[in-house]
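# Architecture and fold: a report
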Amino acid sequence: MTMIETSLIAGENEARLSDLKRDYQTLGEKLDRRGIAIDAVKRKVAAYGVAVPSWGVGTGGTRFARFPGAGEPRGIFDKLEDCAVINELTRATPNVSLHIPWDKADPAVLKGKAEELGLGFDAMNSNTFQDQAGQAHSYKFGSLTHTDAATRQQAIDHNIECIELGKAIGSKALTIWIGDGSNFPGQTNFTRQFERYLQSAKAIYAQIPADWRLFTEHKMYEPAFYSTVVQDWGTNYMIAQELGEKAYCLVDLGHHAPNVNIEMIVARLIQFGKLGGFHFNDSKYGDDDLDTGSIDPYRLFLVFNELVDAEVRNVAGFDPAHMLDQSHNVTDPIESLMVSAMEVQRAYAQALLVDRVALDGYQNDNDPLMATATLKAAFRTDVEPILAMARLEAGGAIDPVGAYRASGYRKKVAQIRPEASGAGGGIV
Ligand code: PSV
Ligand code: MN
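Residues numbered from 1 in each chain as written. Chains lettered and ligands numbered in written order. Predicted model: local features only at pLDDT ≥ 70, side-chain atom pairs only at ≥ 80, totals over all residues. Heavy atoms only, no water.

## Looking at the overall build of the chain
A count of helical and extended segments in the chain gives 16 helices and 10 strands. Relative to a compact globule of 428 residues, whose C-alpha radius of gyration would be 22 Å, the chain shows 22 Å and is just as compact. In terms of principal-axis extent, the alpha carbons of the chain reach across some 65 × 60 × 40 Å. Just so you have it, the chain exposes about 18900 Å², and 53% of that area is on carbon and sulfur atoms. Looking at charge distribution, the chain has the averaged site of its 42 positive side-chain charges lying 0 Å from that of its 56 negative ones. (Helix = DSSP H or I, 4+ residues; strand = E, 2+ residues; numbered from the N terminus. Rg over C-alpha atoms; globule rule 2.2 N^0.38 Å. Areas by Shrake-Rupley, 256 points an atom, 1.4 Å probe, with all protein chains shown as cover. Lys, Arg positive; Asp, Glu negative; His and termini not counted. Charge placed at Lys NZ, Arg CZ, Asp CG, Glu CD.)

Next up, the structure:
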């Protein structure tokens, strides 16, 4: 049990419930006229889940400052409690993604706690972008691509340790993101550095269990500002191809140049069987790590349009992992993560409403105006009654943020987490 009282969810009074039923029925009639069965959409939304990053429940920060809130999680077990609240109210986030060593703990205890809270574990994330206390070799000049073999081996061993821990707690994937690159022209030899990357990645890949997947995550820049080793989806695709069939590309929405057509990258990776999954977030300028759907919900919808297109076409082996990866600097992280999970569900529900037969026809007839209007018709549909009904039927809240605020959870945990110092490394 978490600290949210179920009575509070039930406390979402009868008036609210009857409003929802009416709204659901009205929307159902509207969709019926478009040949769409609302219950079928609701079932898909209800079955959909997006993983929460353990590090997301602590207040994030920038390199200038961090402003922690009261009742911050003190470690992985507090983080799991917060993640359970998110899932309890939204019923959309059954799994948590761990970052090692931030979340390192006895696997049996981790597993027990997660089970008690009704949670599972998503992909494991390794961390070779920071030095840890007592570490033999520094990552200042790189990790998996370092010029020094012992430093590379240390980074490889850390990834293998993540796999071992993941196996013990029921995870089925490892995500590798490295900060390696350079800050000056001439600082590194691009080719030799990438050769070292491939060599190290192959050593990790060799330890990936048969029923696991390895995700590599690209990012254009930061912390290296002149060049980054795994900088874009092209390089990422080469890596996945070089490594083998268990290797896939992970797309973090914030890791591209502004205005890049991410939905097309998604389509390409699907077409060539290498889309591993997502880190959802939103951005205005760069890797802002703002809340998913807060800046450009249409782009999120367009990404989901590609995913639903693949789902409808029954693309073989298509099963991307979905996760949030954001930094909450000015909001209560629990609230941001709940809203973000619902934004992802909303984009999925809207994409399910696209009239794909009509779209196909307009595309073949070279009718761009009607083709784009077909997408807009789906995007403009207010699917909130579908999301709320799916949540309610699964035991969640009609209005998760309202229920969370009414529960007083943050105040309660602030009393039992007095010396909270923040979660993880505070970096995203
Ligand atoms: C890097 O910016 C990133 O997106 C990677 O996924 C990291 O694991 C995460 O943020 C946390 O720092
Ligand atoms: Mn990420």
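Now that the structure is up, let's keep going.
## Details of the coordination of the manganese ion (ligand 2)
Those protein atoms acting as donors to the manganese ion (ligand 2) are Glu217 (OE), Asp252 (OD), His279 (ND1) and Asp325 (OD), and they sit at 2.1 to 2.2 Å. Coordination at the manganese ion (ligand 2) comes from 6 donor atoms whose angles at the metal span 71 to 169 degrees, giving a geometry best classed as octahedral. In the primary structure, the donors to the manganese ion (ligand 2) are separated according to the pattern E-x34-D-x26-H-x45-D. In this pair, glutamate 217 sits in strand 6 (residues 213-217) while aspartate 325 sits in the loop between strand 10 (321-324) and helix 11 (333-352), placing the two residues 108 residues apart along the sequence. (Donors = N, O, S within 2.8 Å, 3.2 Å for Na, K, Ca; no water. Tetrahedral: all angles 85-135°; square planar, octahedral: opposite > 155°, others 65-115°.)

## Some thoughts on the pairing of strand 2 (residues 95-100)
For strand 2, the tally of buried residues reaches 5 of 6 residues, placing the bulk of the element in the interior. Here 2 bridges tie strand 1 (residues 52-53) to strand 2, and the two strands are oriented parallel to one another. Across the sheet, valine 52 pairs through a bridge with valine 96, a residue of strand 2. Pairing of strand 2 with strand 3 (residues 120-126), which is carried by 5 bridges, proceeds in the parallel orientation. Residue histidine 99 lies in a different strand from strand 3, and its bridge partner there is asparagine 125. (Buried < 20%, exposed > 50% of the residue type's maximum accessible area, 1.4 Å probe, protein only. Pairing = 2+ DSSP bridges.)

## Topic: the pairing of strand 9 (residues 275-280)
Most of strand 9 sits out of view: 6 of its 6 residues are buried. Pairing analysis gives 4 bridges linking strand 8 (residues 247-252) to strand 9, with the strands arranged parallel. Considered in strand 9, the bridge of cysteine 249 is made with leucine 275. What joins strand 8 to strand 9 is helix 9 (residues 262-271), and the crossover it makes is right-handed. (Right-handed = clockwise from strand over helix to strand, strands pointing away.)

## As for the nonpolar core
Within the largest apolar cluster, 107 residues are counted, with the highest numbers of intra-cluster contacts made by Leu174, Tyr197, Phe280 and Phe304. Sequence-distant contacts of phenylalanine 280, defined by excluding residues within four places in its chain, comprise Tyr48, Val50, Leu253, Thr292, Leu300, Phe304, His322, Met323, Leu324, Asp325, Gln326 and Val344. Counting 6 residues, the second largest nonpolar core, distinct from the first, contains Ala123, Ala173, Leu250 and Ala321. (Core = buried A, V, L, I, M, F, W, Y, C linked by side-chain atoms within 4.5 Å. Contact = heavy atoms within 4.5 Å.)

## Examining the environment of aspartate 23
Tracing the chain through its elements places aspartate 23 in helix 2 (residues 14-33). Aspartate 23 gets classed as partly exposed once you look at its relative accessible area, which sits at 41%. For the pair formed by aspartate 23 and glutamine 132, sequence separation is 109 residues and the distance between their alpha carbons is 53 Å.

## Describing unusual backbone geometry
With an omega dihedral of 15 degrees, the bond running from isoleucine 100 to proline 101 counts as a cis peptide bond. Tracing the backbone through its elements, the reader meets proline 101 in the loop between strand 2 and helix 5 (107-116). For the bond running from glutamate 222 to proline 223, omega is 10 degrees, close enough to zero to count as cis. Among the secondary structure elements, proline 223 is positioned in the loop between strand 6 and strand 7 (227-228).

## Some remarks on the sheet that holds strand 10
Ordered in space as 1-2-3-4-6-8-9-10, the 8 strands form an open sheet in which the pairing is parallel. Because the sheet does not close on itself, it has two edges, and the strands there are strand 1 and strand 10. Contacts between helix 11 and the sheet are confined to strand 1, strand 9 and strand 10, with strand 10 contributing the most and set at about 145 degrees to the helix. (Axes fitted to C-alpha atoms, helices over the stretch in contact; angles between N-to-C directions.)

## Considering the packing of helix 11 against helix 14 (residues 384-393)
The description of two helices packed together rests on the angle between their axes and the distance between the axes. One can describe the packing of helix 11 onto helix 14 by two numbers: an axis separation of 10 Å at closest approach and a directional angle of 120 degrees. Relative to helix 14, the element helix 11 lies oblique. Every pair of crossing elements has a handedness; the one defined by helix 11 and helix 14 is right-handed. Along the contact surface, helix 11 presents Met342, Gln345, Arg346 and Ala349, while helix 14 presents Glu384, Leu387 and Arg391. (Parallel < 35°, antiparallel > 145°, perpendicular 65-115°, else oblique. Left-handed = near helix turned anticlockwise from the far one by under 90°.)

## Some points on the side chain of glutamine 130
With respect to the element layout, glutamine 130 can be found in the loop between strand 3 and helix 6 (149-169). Reaching out from glutamine 130, the side chain makes a polar contact with the side chain of tryptophan 102 at a distance of 3.1 Å. Only 2.9 Å separates the side chain of glutamine 130 from the side chain of asparagine 127, close enough to count as a polar contact. (Polar contact = N/O pair within 3.5 Å; in protein donor to acceptor, adjacent residues only side chain to side chain.)

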